[in-house]
Amino acid sequence: MSCENDLKEVNRVAGTAGSGSMETSSDGEIIYSDSAHLKVRIEYDTMIRFLDQADPKDVFPKGVIVSFYDDKEEISSILTANKAERQPRKNLIIATDSVHLVSKNGEELLTNELIWDELKKEVYTNKFVKLTRPGEIIYSFGFRANQEFTKYEIKAISGKLSKKNLDQNL
């Protein structure tokens, strides 16, 4: 006696029809916590979850607001972007299109792409960035920081301006 399953029938019943399967969600949030302590909150208007078993991903076509929290559960930094994609198998979120990262100390980073590594708890890019901090503006290609945006490394600095001199010349 033998048994044979038709793969198309199995996929139809199991609901895994391949790369065409997706779910959508509106006005939602994703919460990351550790031992019941809030660590990260992702807010979005629209999320499209692609259920492809080989390459699942969440796409945020209308952007995201990512709030990172410190050990006191206070916001330490906020990342906003007009578009983003979460790749759960790689534990990455790739934020694109007018990416803005702000620390609680008032430092700001502007770029067109910033990658958040969920496991390493850091953000980075090799793209052009503008970093504004008290007293100066720094332009560079490449940036890496902890997700709280309290420690960072600037790569390939292409310009540095004193805000005092900049303000006097305007």
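Undergrad: I'd like a rundown of the overall build of the protein, residues and numbers included.
TA: When helices and strands are tallied, the protein shows 2 helices and 12 strands. Helices (α) and strands (β) of the protein occur, in sequence order from the N terminus, as α-β-β-β-β-β-β-β-β-β-β-β-β-α. Counting across all 170 residues of the protein, residues that qualify as buried make up 37%. Contacts spanning at least 24 positions in sequence make up 35% of the contacts within the protein whose residues lie at least 6 apart.

Undergrad: Pulling in residues and values, what's your account of the pattern of salt bridges?
TA: Under the counting rule described, the total for this entry stands at 8 salt bridges. Residue Glu 29 is joined to Arg 41 by a salt bridge in which the shortest nitrogen-to-oxygen separation is 3.2 Å. Of this pair, Glu 29 sits in strand 1 (residues 22–34) while Arg 41 is found in strand 2 (residues 37–50), placing the two residues 12 residues apart along the sequence. Here Glu 29 falls in the partly exposed class, since its relative accessible area comes to 45%. Owing to a relative accessible area of 24%, Arg 41 belongs among the partly exposed residues under this scheme. A salt bridge links Arg 86 to Glu 118, with the shortest nitrogen-to-oxygen separation between them at 3.2 Å.

Undergrad: I'd like a description of the nonpolar core, backed by residues and values.
TA: Of all hydrophobic cores here, the largest spans 27 residues; its most connected members are Ile 42, Leu 79 and Phe 143. Contributions of two or more residues to this core are made by strand 1, strand 2, strand 4 (64–69), strand 5 (75–81), strand 7 (92–103), strand 8 (108–117), strand 9 (122–133) and strand 10 (136–146). Setting aside its immediate chain neighbours within four residues, Phe 143 contacts Leu 101, Leu 109, Leu 114, Val 123, Tyr 124, Thr 125, Val 129, Phe 149, Tyr 152 and Glu 153.

Undergrad: Account for the environment of Ser 98, naming residues and giving values.
TA: Among the secondary structure elements, Ser 98 is positioned in strand 7. Separated by 16 residues in the primary sequence, Ser 98 and Leu 114 place their C-alpha atoms 9.8 Å from one another. Every residue in contact with Ser 98, bar those within four places of it in the chain, is listed here: Thr 80, Ala 81, Asn 82, Thr 111 and Asn 112. Of note is the side chain of Ser 98, whose polar atom sits 3.5 Å from the side chain of Asp 97.

Undergrad: Which residues make up the pairing of strand 3 (residues 57–60), and what values go with them?
TA: Where a strand is regular, its side chains alternate between the two sheet faces. In this sheet, strand 3 lies alongside strand 2 in antiparallel orientation, the contact comprising 3 bridges. Its bridge partner being in strand 3, Arg 49 is matched across the sheet by Asp 58. Connecting strand 2 to the next strand, strand 3, in antiparallel fashion are 6 residues. As defined by bridge partners, strand 3 adjoins strand 6 (residues 83–87) across 3 bridges and the pair is classed as antiparallel. Note on strand 6: the bridge partner recorded for Val 59 is Glu 85.

Undergrad: So what's going on with the confidence of the model for the protein? Which residues, and what values?
TA: Summing up the model confidence of the protein, the mean pLDDT is 85 and the portion of residues at 70 or higher is 81%. Mean pLDDT across the secondary structure elements of the protein bottoms out at helix 1 (residues 7–14), with 47, and peaks at strand 8, with 97. Segment residues 9–18: pLDDT under 50, and 7 contacts once partners within four positions in sequence are set aside and those in other chains are kept.

Undergrad: Lay out the packing of aromatic side chains in plain terms, naming residues and giving numbers.
TA: Taken as a whole, this structure holds 8 aromatic pairs when the rule is applied. For the ring pair Tyr 44 and Phe 60, a centre distance of 5.4 Å and an interplane angle of 55° mean the geometry is tilted. One end of the pair, Tyr 44, is in strand 2; the other, Phe 60, is in strand 3, with 16 residues separating them in the sequence. Taking the relative accessible area as the measure of exposure, Tyr 44 reaches 8% and is therefore buried. These aromatic residues form a ring-pair network of at least three members: Tyr 32, Phe 68 and Trp 116. Lys 57 extends its terminal NZ or CZ atom over the ring of Phe 50, reaching a point 6.0 Å from the ring centre. Over the ring of Tyr 124 we find Arg 144; its NZ or CZ atom is 4.6 Å from the centre of that ring.

Calculation criteria
Residues numbered from 1 in each chain as written. Predicted model: local features only at pLDDT ≥ 70, side-chain atom pairs only at ≥ 80, totals over all residues. Heavy atoms only, no water. Helix = DSSP H or I, 4+ residues; strand = E, 2+ residues; numbered from the N terminus. Buried < 20%, exposed > 50% of the residue type's maximum accessible area, 1.4 Å probe, protein only. Contact = heavy atoms within 4.5 Å. Salt bridge = Lys/Arg side-chain N within 4 Å of Asp/Glu carboxyl O. Core = buried A, V, L, I, M, F, W, Y, C linked by side-chain atoms within 4.5 Å. Polar contact = N/O pair within 3.5 Å; in protein donor to acceptor, adjacent residues only side chain to side chain. Pairing = 2+ DSSP bridges. pLDDT = per-residue confidence, 0-100. Phe/Tyr/Trp six-rings, centres within 6.5 Å; stacked < 30°, edge-to-face > 60°. Lys NZ or Arg CZ within 6 Å of the ring centre and 35° of its normal.

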